[in-house]
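This is what each chain is made of:
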Amino acid sequence: DAMVIQNPRYQVTQFGKPVTLSCSQTLNHNVMYWYQQKSSQAPKLLFHYYDKDFNNEADTPDNFQSRRPNTSFCFLDIRSPGLGDAAMYLCATSRDQVTGEQYFGPGTRLTVT
Amino acid sequence: QKEVEQDPGPLSVPEGAIVSLNCTYSNSAFQYFMWYRQYSRKGPELLMYTYSSGNKEDGRFTAQVDKSSKYISLFIRDSQPSDSATYLCAMSVSGGTSYGKLTFGQGTILTVHP
């Protein structure tokens, strides 16, 4: 089945220790998104790639970076995690940038100690 | 005022009930409307996708969009305990510089008890 896969599902890191979350997709979609979702809140868009073109949301902290080495994979790097970065991180894909029809992965729950 | 307003609930109904979930919005440029279901500690799952005004039915689920009133609804018939989840409405503007960006409601927590 075509899908969006995220690894790891659970990640524990220490305050200030860099961490990388990964996302892969078999849908062959052009657009990949990264969201942050905190408890009882809606997902918040951090950035997205349309093919190799990177687009950062204006309020995404510089502490968050992303890489997309090819169509299938996308990474979220948190350079110096703070306690406030503990959240669920969701990857989503979309065929295009027009409709907003997005398919989400299962998420990675990040804990910062 | 938020662009998309959704009653967070929680909403508790008995099994077999008809559930109505609603969102209102203020941006008349929204053209694509979605409902996502999110189980606890899982990613959102796309349930229904609608373009512009009208109704769409898929099994026990019906999505309605009324652009004149800026109001969307999701109806769940014959609700089951497995429908217990958070339901998120989401919408997007068509193309241009919006890049398919979704604007979400806050989510409604639904519990269906046996």
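See above for the structure.
Everything numeric here is computed off the predicted structure, so don't read it as measured data.

A. Local environment of the overall build of chain B. Along the backbone of chain B there are zero helices and eleven strands. Taken over the C-alpha trace, chain B has a radius of gyration of 14 Å; the compact-globule value for 114 residues is 13 Å, and the two agree within 12%. With the C-alpha coordinates of chain B rotated into their principal frame, the extents come out at 45 × 30 × 25 Å. Considering chain B as a whole, with its 114 residues, one finds that 46% of them fall into the buried category. Long-range pairs, those at least 24 residues apart, make up 55% of the contacts in chain B with a sequence separation of at least 6.

B. Just the sheet that holds strand 8 (residues 71-76) of chain B, in detail. Residue and element names in this part refer to chain B. If you trace the five strands from one edge of the open sheet to the other, you get 1-3-8-7-6, paired in antiparallel fashion. Sheet topology places strand 1 (4-6) and strand 6 (54-58) at the edges, where each strand pairs with a single neighbour. Sheet twist, expressed as the average angle between the axes of neighbouring strands with direction ignored, equals 15°. For strand 7 (residues 61-66) and strand 8, the ladder comprises six bridges, and the chain directions are antiparallel.

C. Expanded view of the sheet that holds strand 3 (residues 19-25) of chain A. All names here are of chain A. With respect to topology, four strands assemble into an open sheet ordered 1-3-8-7, the strand pairing being antiparallel. Two strands close off the open sheet at either side, each with one partner strand: strand 1 (4-7) and strand 7 (64-67). Each adjacent strand pair in this sheet contributes to an overall mean axis angle of 20°, direction not counted. Examined bridge by bridge, strand 7 and strand 8 (residues 73-78) share four bridges and lie antiparallel to one another. Of the residues in strand 8, the one forming a bridge with Gln 65 is Asp 77.

D. Geometry of the layout of surface pockets. If you add up the space inside the largest pocket, you get close to 510 Å³. Along its surface, the largest pocket is lined by 22 residues, and Gln37(A), Lys38(A), Ser39(A), Ser40(A) and Gln41(A) are the ones closest to its centre. Of all the secondary-structure elements, those providing two or more residues to the lining of the largest pocket are strand 9 (87-94) and strand 11 (108-112) of chain A together with strand 9 (85-93) of chain B. In terms of residue count, the dominant contributor to the lining of the largest pocket is strand 11 of chain A (three residues). Reported here for the second largest pocket is a volume of approximately 350 Å³. Pro43(A), Lys44(A), Leu102(B), Thr103(B) and Phe104(B) are the residues nearest the centre of the second largest pocket, which is lined by 17 residues in total. If you list the elements that add at least two residues to the lining of the second largest pocket, you get strand 5 (44-50) of chain A together with strand 10 (103-104) of chain B. Of the residues assigned to the lining of the second largest pocket, the class counts are seven nonpolar, four polar and six charged.

E. Fine view of the packing of aromatic side chains. In total, this model carries 14 aromatic pairs over all chains according to the counting rule given. The interplanar angle of 15° and the centroid separation of 6.4 Å between the aromatic rings of Phe73(A) and Phe75(A) together place this pair among those described as stacked. Judged by relative accessible area, which is 35%, Phe73(A) ranks as partly exposed. For Phe75(A), a relative accessible area of 18% gives the class buried. Residues Tyr32(B) and Tyr49(B) carry aromatic rings whose centres are separated by 6.1 Å and whose planes lie at 20° to one another, so their mutual orientation is stacked. Separated by 17 residues along the polypeptide, Tyr32(B) in strand 4 (residues 30-38) and Tyr49(B) in strand 5 (residues 45-51) bring together distant segments of the chain. Each member of the pair, Tyr32(B) as well as Tyr49(B), carries the same accessibility label: buried.

The rules we used
Residues numbered from 1 in each chain as written. Chains lettered and ligands numbered in written order. Predicted model: local features only at pLDDT ≥ 70, side-chain atom pairs only at ≥ 80, totals over all residues. Heavy atoms only, no water. Helix = DSSP H or I, 4+ residues; strand = E, 2+ residues; numbered from the N terminus. Rg over C-alpha atoms; globule rule 2.2 N^0.38 Å. Buried < 20%, exposed > 50% of the residue type's maximum accessible area, 1.4 Å probe, protein only. Contact = heavy atoms within 4.5 Å. Pairing = 2+ DSSP bridges. Axes fitted to C-alpha atoms, helices over the stretch in contact; angles between N-to-C directions. 1 Å grid on protein atoms, 1.4 Å probe; cavity = no way out; pocket = protein on both sides within 12 Å on 5 of 7 lines; lining within 4 Å. Points joined across faces, edges and corners; volume = space filled by probe spheres on them. Nonpolar A, V, L, I, M, F, W, Y, C, P; charged D, E, K, R; others polar. Phe/Tyr/Trp six-rings, centres within 6.5 Å; stacked < 30°, edge-to-face > 60°.

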